[in-house]
Amino acid sequence: MPVSDYLERIALNERQVSFNRMSRGSANYFHWHQCLELLFVSRGYGIVIVDNQQYTLKPGRLFVFPPFKLHKVFVEAGENNAYERTTVHLDHQLLDGCLQSFPQRRARFARLWDPDRAAHIFDLSDHAAHIEVILEQFNQLTEQQTHQWEEIAMLVLQLMAFMPAQGDTPKTVSRTTASKVMQWIEENYVQKFSMASLSAAVGLSESYISRVFGQETGGSVQDYLATRRVKRACELLRLTDQSVESIGLQCGFADAPYFITRFKKMIGKTPLQYRKAAFSLLQ
């Protein structure tokens, strides 16, 4: 499946929420969304890469990704690893308005969707059976197309009730090869890239980096670098009126034609088409 099917692929438009209970397929892609995403795992094991760290994907774990948060879900599903999960994508700003009468819960919800915060990872395995009931009840409303903001707000509030009151569960800082590489890319993606420079910075051979990064993330260093550059380009296209050529150069692309080609391959639109579509959503 082409990358363009993944990046920012959730466009809510007139819909209030995108809710899916899925029991098939693997996952292996970096992506982000313009809206808040919740991922609850019912069965299966894998990894989630977000904020340049790796976390175990396992039953009972709830991942909350703020808008525009670059992340990857990597699961190799099979007979011995059935991947069953529920994803919820919703317009966080509209739901925020619905919670005006509940200031404390509204403040907690705001921390979940704050794009400047790290992703939230909760181990809710002790409450998994109850959460499954809540999700299935909402799923039935979705199938009947009867859900309204009242039901959506109730779903989120019910899930929040299981989240630890003091914030995220403790996180162990990852020191994997992939995390070191992604951190280096985060600090250098606007510069001209060379594997030699990366190798010298992390103190590992180029061949070792390529092999282990692929094993740990399911992708190549070059693809991750391109994704990070395109994500920044999307931000500049939405938030500035700079030219496409200028944005491409600022994001590390050597020239405008290559930038446009790579951008369209990933996003499914040219930079100008993306800017026009993003602007129309603000009208």
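Residues numbered from 1 in each chain as written. Predicted model: local features only at pLDDT ≥ 70, side-chain atom pairs only at ≥ 80, totals over all residues. Heavy atoms only, no water.

Draft legend 1. Here's a closer look at the packing of aromatic side chains. According to the stated counting rule, one finds 9 aromatic pairs in the structure shown. On the basis of an interplanar angle of 5° and a centroid distance of 6.2 Å, the ring pair of Phe63 and Phe65 is categorised as stacked. Considered together, Phe63 and Phe65 belong to a single accessibility category, that of buried residues. With centroids separated by 5.9 Å and ring planes inclined at 55°, the aromatic side chains of Phe253 and Tyr258 adopt a geometry described as tilted. On the accessibility criterion, Phe253 (3% relative accessible area) is buried. Its guanidinium or amino end placed over the ring of Phe74, Lys72 lies 5.7 Å from that ring's centre, counting from NZ or CZ. Lying across the ring of Phe253, Arg229 places its NZ or CZ 5.9 Å from the centre. (Phe/Tyr/Trp six-rings, centres within 6.5 Å; stacked < 30°, edge-to-face > 60°. Buried < 20%, exposed > 50% of the residue type's maximum accessible area, 1.4 Å probe, protein only. Lys NZ or Arg CZ within 6 Å of the ring centre and 35° of its normal.)

Draft legend 2. Structural context of the environment of His92. Position of His92 among the secondary structure elements: in helix 1 (residues 92–98). Through-space distance from the C-alpha of His92 to that of Leu112 is 9.3 Å; in sequence the pair is 20 residues apart. Not counting the four nearest positions on each side in its chain, His92 is found in contact with Gln34, Cys35, Leu36, Pro67, Phe109 and Trp113. (Helix = DSSP H or I, 4+ residues; strand = E, 2+ residues; numbered from the N terminus. Contact = heavy atoms within 4.5 Å.)

Draft legend 3. Molecular detail of the confidence of the model for the protein. Taken as a whole, the protein shows an average pLDDT of 88; of its residues, 89% reach a score of 70 or greater. Confidence drops under a pLDDT of 50 for residues 1–11, and excluding neighbours within four residues, the segment shows 29 contacts in the predicted structure. (pLDDT = per-residue confidence, 0-100.)

Draft legend 4. The arrangement of helix 7 (residues 206–217) in detail. A rise of 1.5 Å per residue sets the reference length of helix 7, with its 12 residues, at 16 Å; its end C-alpha atoms lie 16 Å apart and thus fit the reference within 8%. Listed in full, the buried residues belonging to helix 7 are Ile209, Val212, Phe213 and Thr217. Buried positions in helix 7, seen along its axis, are confined to an arc of 110° and lie on one side of it. Along helix 7, the residues that are exposed and aim more than 90 degrees away from the buried face are Ser207 and Gln215. Gly218 sits one or two residues past helix 7 and shows a positive phi near 80°. (Expected span 1.5 Å × (residues − 1). Arc of directions from axis to C-beta.)

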